[in-house]
Amino acid sequence: MEGLKKDVIRHVVSSLGSDYASKSAYNYYNALALAVRDRLIDNWIKTQRSYYDEKAKRVYYLSLEYLPGKSLMNNLHCLGIYETARKAMSDLGFSLEDLAEQEWDAGLGNGGLGRLASCFLDSMATLGIPGYGYGIRYDYGIFHQVIEDGKQVEQADNWMRVGNPWAYERGQHLFPVRFFGEVKNWTDEYGRLRHTWTAGDTVLAMPCDMLVPGWDNHHVINMRLWSARSDVEFDLDFFNTGNYLGAVEEKIFDEKISKVLYPSDQIEEGRELRLKQQYFFVTATIQDILRRFRKKHQDMTELPQSVAIQLNDTHPAIAIAELMRILLDEDLLDWEVAWDICVSTFAYTNHTILPEALETWPVSLLERMLPRHMQIIYEINARFLREVERVARSEDCGQLCHRDLDHLKQRVSLIQERPIKSVRMAHLAIIGSHSVNGVAALHTELLKARVFDDFQRLYPQKINNKTNGVTPRRWLWSANQPLSRLIASHIGTGFVRNLDELTQLEPLAADPAFREAWRAAKLENKQRLQAYIKRKLMRELHTEHLFDVHIKRIHEYKRQVLNLLHVVTAYNRLRHGQAADFTPRTVFFGGKAAPSYFMAKRIIHAINAVAATVNADSRVNDKLQVVYLPNYCVSQAERVIPATELSEQISTAGMEASGTGNMKFALNGALTIGTWDGATIEMAQAIGPELLFIFGMREDELVSLRQHGYNPMLYYHGDEELREALDMLRSDAFSPGQHGLFAPLVDNLLHGGDRFFVLADYRQYLGAQQDVGRLYLDQEEWTRRSILNAARMGFFSSDRAISQYAREIWDVAPMAGLQNGKGA
Ligand code: CBF
C-alpha cells in the first residue's frame, strides 16, 4: 500500500505537474490511473513478447465501436489491488468511489454491439487468448444526452478534453491511409495484367493503445484505436502569403476523419465521411497486422495459420477488398491464391436482421474514393456469380436454385441495382469469410431461413451460431460488490472466472437466511441508486417499490411504447380506483435515440410527459412513479442493474438479435418480463421458463398474423383500456396545451400498420405484469426465483462465447501457462 501511495504522489507531482498538497480529486484520480497503468505495462510487454516467442496464432477483433466505460475499478479488481487502493486513497484523504467518479465514461459505441466488443476483449485477456481489439479513437464519443422540457437534447461528448491517462499515444508509428486517385494497369513479366493505385489524398493513422487486463493472470492485451493525423502540418504556400487559417485548413480537414462517432444504432446513414472512417480504420489495421506477420513469415499463404480476423458486423467489411488489394497489387499473388488466403482469414458476425441496418455503399462513391477496391469488388462478384451458376446447375443445390437462376443471381449479387446502384456489404462479408455467425439461436435460425437463405443453400456449413455473453468481472464482481461478496462467502470467488460455478447457489435458494441476505444485498443496491438519483435528479425514490427497469437504446422494435401503455393503463386503474391490489412500483426508462430518428425522440418525449403527469398526481404517486434516467451509459448501467428487480426485455419476437442487457440483469438477480426473442429465449431455457414472465406472440405467429392481414384497429376497438390509453396519448392529456404532440406515435400504431405489433401483445403484457405484481408481494418466493435466475446464468458468460469462437471459428488456443488462471 505504501508503494502505491508513493507512486500516486509522484505522479501528481511529476506527471501532472501539480502540488500534492492541493487535494484535487481530479489530479488524484489521474495519478492513481497512471500508477495502475504502470502496473499493467510490464505485463503487457511480457504478454506481447510471449506471442512472438511462441509464434502464437493471433486473433484480431475489428470493430468500429467499443464501449469500455470507466476503467479504474475494473482494472483494480483485475490486478487484485482494489482493497489496497481503497486504503491507500483513504490515507491520502479520498474515497475511492469519489475518485472513480472523476473518470470520463469512454463511450466509443452506440449500444450492444460496442459493449459486446468490450466484453469480448475482457474475456480474451482472461482466457489468455492472443487477441487484439482494433477500432477508432473518436475525439467525440456517443453524444451526452440531456432532457430539456421532456425532450432529448444532444451535447458533444468531449471526452478527450481532459486527456486519457489509460492510453499510450504512439506518434512515432504512423501508417499512411490513401483515398481517391486513379488505377494504372500494367503487365508483369508473365504477361499478367497488374494494377497500381496512385492515391490522391493521404492521411496518417496514429495508434493509441489501451491496455486490457485479464482477471488475476498477468495477461494484458491491447485495444489499438486509430486517430487521424494530417500529413501536412501547414501548407507553406498559404502560410507565406499570410493566410494562416488557410494553412491549417487541410490539417483540420484530414483530422476530421476520427472526430466523431456516428450516433445511429441500426440505421445506416450512408454518409461519405462514414465510409472514410471505415476505410481509414481498416487499412491502418491491415497494415499493422501484416507488419507484425511479416516479422516472422515470408510466405503470405501462411497468413490463415497465424492470423484470424473477426469482422464485428459489416462496418469493417471493406477489409476483404483491402487485403485482396495488398495481396494482388503489392505481393503480386494470383487471384485464386489471394482469395483463398482472404476467405480462410476472415470471419463475420452479423448483429441484426433489420433491413434498415444492412449496409450498402453507392458504387459511384466507392469508385471515386476507393477506385481499386471497387474494381476488386466487381471481380469478386463476377467470379462469385459464375460459381453460383455452377452450383445452381449442379445437383447439390437442388431444383430450387436452378429454376430461378436469374433471380437468384440478382438476390445474391454484391451489387444491388436499385434504388441506386450500391454494394451490399453483408454479401461481401459473407462471400469473403469462412464463417458467418449470428449472436443467438433464434437470430441465427432467422439468418439461415430468411435473411441469408440463398447463402445458406449455397454454403450450408458457413452460417453458425455463437450466442452472446457478458463479462462477469465488470457486470457482477465490479458492479455489484454487495451481492458478489455474499456469493463469494458461500461458494468462493471461482465464479468470477468460471461463471458455471454459480450453480452451487441453487440449494441456497431454499435457505431462508440466505434469502434474507440476498434481499439485503439488493436493498443496499437500491439505496445506492436512491442516493444517486437524489444527487443527479433531485428525486426521492421509494426503495420499498418494485424497481422495474427498461434501459437500452430507444427503438420502435424494442417497444418502450408497450411499456408506456402499461404505465398509462396502471395510472388509469389507480385513478379510477380500480387497482386496490396494485403492487407499488417505480418504472425506470433510460436510453438514447439516434438524433435523426424522429419517432424514437418523440417516444422519449412521451415517456417524460407521462412521467410528469403521473409523478405530480397525488392520487397515485405513492404507488406509481416513473423516472427517466438521462444519459444512459455503461457506468450508469453498472449502478442501475444491481438495483433492478424487474428487467424489461419486450422487443417484438424475432427483432432483437440477442440482447446482452437481458443477461446482465438476470446475473444480478432481476426477474425478466420478456418476449420469446433473442437470447432471452435461451435464458428462459437455461433458467426454466416458469422462473421468468414470458408473454406475447412468437416469431412464427407474428409472421402468420402478418400474412393473414394484421389489423391494429381491431385491437383498438376491442379493448377498452387500450383505447383509453391511446386516446389519452393522442389528446393533450399528457401534453397540456400541445394538442396532438404524441399523435404521430398513436397514428403510427393505428394507421401506420404497427410494424412491431405493439397492440397485438398489449393484453398479454398486461397479464404478465399482473403476475409480476402478485409475485412481488410474496418476497420469499420472489427471492428464491431471483437466486435461481442468477445461479443458472453460467452459460451467458462472454468467456463461454469467446471459447467457442476460439475453438470453432479462429482455431486458436489459450497461451500455455495461462489456462488455469496462473500468470505466465
Ligand atoms: O450482438 C450485440 C448486440 O448488437 C446489437 O446491439 C446491434 O447493434 N445490432 C443488437 O441489436 C443486439 O441484439 C445485440 O445483442
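Rules of the game
Residues numbered from 1 in each chain as written. Predicted model: local features only at pLDDT ≥ 70, side-chain atom pairs only at ≥ 80, totals over all residues. Heavy atoms only, no water. UniProt positions renumbered as here; feature names shortened; annotations may be inferred. Near = heavy atom within 4 Å. Polar contact = N/O pair within 3.5 Å; in protein donor to acceptor, adjacent residues only side chain to side chain. Areas by Shrake-Rupley, 256 points an atom, 1.4 Å probe, with all protein chains shown as cover. Nonpolar A, V, L, I, M, F, W, Y, C, P; charged D, E, K, R; others polar. Domains from an automatic or database assignment. Salt bridge = Lys/Arg side-chain N within 4 Å of Asp/Glu carboxyl O. Buried < 20%, exposed > 50% of the residue type's maximum accessible area, 1.4 Å probe, protein only. 1 Å grid on protein atoms, 1.4 Å probe; cavity = no way out; pocket = protein on both sides within 12 Å on 5 of 7 lines; lining within 4 Å. Points joined across faces, edges and corners; volume = space filled by probe spheres on them. Helix = DSSP H or I, 4+ residues; strand = E, 2+ residues; numbered from the N terminus. Axes fitted to C-alpha atoms, helices over the stretch in contact; angles between N-to-C directions. Parallel < 35°, antiparallel > 145°, perpendicular 65-115°, else oblique. Left-handed = near helix turned anticlockwise from the far one by under 90°. Contact = heavy atoms within 4.5 Å. Pairing = 2+ DSSP bridges. Buried area = accessible area lost by both parts, 1.4 Å probe.

Going by what an unreviewed UniProt entry lists, the protein is known as Alpha-1,4 glucan phosphorylase and is assigned to Megalodesulfovibrio gigas. As its UniProt record puts it under Sequence similarities (unreviewed entry), the protein is described as follows: "Belongs to the glycogen phosphorylase family."

A. Representation of the site of the ligand. In the neighbourhood of the ligand, 14 residues make up the surrounding shell, with Q266, H351, N468, E656 and G659 lying closest. At 3.4 Å from an oxygen atom of the ligand is found a main-chain nitrogen or oxygen belonging to L113. When isolated, the ligand has an accessible area of 350 Å², and the protein chains bury 95% of it. Broken down by class, the residue content of the shell around the ligand amounts to 5 nonpolar, 7 polar and 2 charged. Mapped onto the domain boundaries, the shell around the ligand takes at least three residues apiece from domain 2 (56–70 + 110–158 + 165–170 + 201–362 + 430–467) and domain 3 (534–779).

B. Molecular detail of the pattern of salt bridges. Under the defined criterion, the tally for this structure stands at 59 salt bridges. One salt bridge in this structure joins D188 and R194, with 3.2 Å as the shortest N-O distance. Taking the relative accessible area as the measure of exposure, R194 reaches 5% and is therefore buried. Bridged by salt links that share partners, the residues R170, D209, R224, D288, R291 and R292 form one connected network.

C. Inspection of empty space enclosed by the protein at higher detail. Enumeration according to the criterion identifies 3 cavities of 30 Å³ or more in this entry. Taken together, 19 residues make up the lining of the largest cavity; nearest its centre are P68, S71, N74, V212 and R474. Sorting the residues of the lining of the largest cavity by element identifies α2 (25–53), α3 (72–79), α6 (112–127) and β11 (201–213) as the ones contributing at least two each. Here the lining of the largest cavity is composed, by residue class, of 9 nonpolar, 5 polar and 5 charged.

D. The packing of helix α9 (residues 272–294) against helix α11 (residues 318–330), seen in detail. Where α9 meets α11, the axes come as close as 9 Å, and the angle between the chain directions of the two elements is 45 degrees. Our classification of the angle between α9 and α11 gives oblique. Considering the relative orientation of α9 and α11, their crossing is right-handed. Together, Q278, Y279, V282, T283, I286, L290 and R294 of α9 and I318, A319, E322, L323, R325 and I326 of α11 make up the contact between the two elements. Along the lines of polarity and charge, the residues of the contact of α9 with α11 split into 8 nonpolar, 2 polar and 3 charged.

E. Highlighting the sheet that holds strand β17 (residues 422–424). Reading across the sheet, the 3 strands line up as β15-β17-β16 and stay open at both edges, with antiparallel pairing between neighbours. The open sheet has two free edges, formed respectively by β15 (360–362) and β16 (415–416), since each of these has just one partner strand.

F. Expanded view of the domain arrangement of the protein. For the protein, the assigned domains are domain 1 (1–53 + 71–104), domain 2 (56–70 + 110–158 + 165–170 + 201–362 + 430–467) and domain 3 (534–779). Spacing between the C-alpha centres of domain 1 and domain 2 amounts to 30 Å. Between domain 1 and domain 2, the contact holds 24 residues from the first and 31 residues from the second. Interface area, domain 1 with domain 2, both sides summed: about 2600 Å², of which 56% is carbon and sulfur. On the surface where domain 1 and domain 2 come into contact, there are 0 salt bridges. On inspection of domain 1 and its partner domain 2, the count reaches 16 residue pairs in polar contact (both at pLDDT 80 or more). For the side of domain 1 that touches domain 2, the secondary structure elements donating two or more residues are α2, α3 and α5 (96–101). Per element, the largest residue contribution to the side of domain 1 that touches domain 2 is 14 residues, and it comes from α2.

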